[in-house]
Amino acid sequence: PRDARSRQQLLADLERQFRAGGEQRQRAMAACRAWGHRAALPLIRRGLKDADTTVVGLAAEAMAAFRGRSTAGMQRTQAATLPRNVSRTR
């Protein structure tokens, strides 16, 4: 989904499938893994705690895409300032 509305619709569908249980829960986790979007993380985290080992395995595979350094929190580095004990003369 490219826009926010279709993304919300997909998340609602995945949530509905996940709550249905059984094979639909497995399909929801497989879809989360294939989608690979950050918006699916809460559902993937719940899948990691599921009683069905297949769901847990699919959730672990989906979570593997998010392991490592996050790019969301990266900021520009500030310019280095002079140490406090250096006098600033013109």
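You'll find the structure just up there.
Notes on the structure in this doc start here. Keep in mind it's a predicted model, so treat the numbers as computed, not measured. (Residues numbered from 1 in each chain as written. Predicted model: local features only at pLDDT ≥ 70, side-chain atom pairs only at ≥ 80, totals over all residues. Heavy atoms only, no water.)

**A look at the overall build of the chain**
When helices and strands are counted, the chain shows four helices and zero strands. Start at the N end of the chain and walk to the C end: the helices and strands fall as α-α-α-α. Each of the 90 residues in the chain was classed as buried or not, and the buried ones make up 22%. Pairs at least 24 apart in sequence give 50% of the contacts found in the chain among residues at least 6 apart. Roughly 7200 Å² of accessible area belongs to the chain as shown, and the carbon and sulfur atoms make up 48% of that amount. (Helix = DSSP H or I, 4+ residues; strand = E, 2+ residues; numbered from the N terminus. Buried < 20%, exposed > 50% of the residue type's maximum accessible area, 1.4 Å probe, protein only. Contact = heavy atoms within 4.5 Å. Areas by Shrake-Rupley, 256 points an atom, 1.4 Å probe, with all protein chains shown as cover.)

**Focus: the pattern of salt bridges**
The tally for this structure, following the rule as stated, stands at six salt bridges. A salt bridge links Glu23 to Arg27, with the shortest nitrogen-to-oxygen separation between them at 3.1 Å. With Glu23 and Arg27 both in helix α2 (residues 22–35), this residue pair falls four residues apart, about one helical turn. Residue classification places Glu23 among the exposed positions, given a relative accessible area of 53%. One salt-bridge network, held together by shared partners, links Glu15, Arg19 and Arg46. (Salt bridge = Lys/Arg side-chain N within 4 Å of Asp/Glu carboxyl O.)

Limitation: the analysis is restricted to geometry and does not speak to function.
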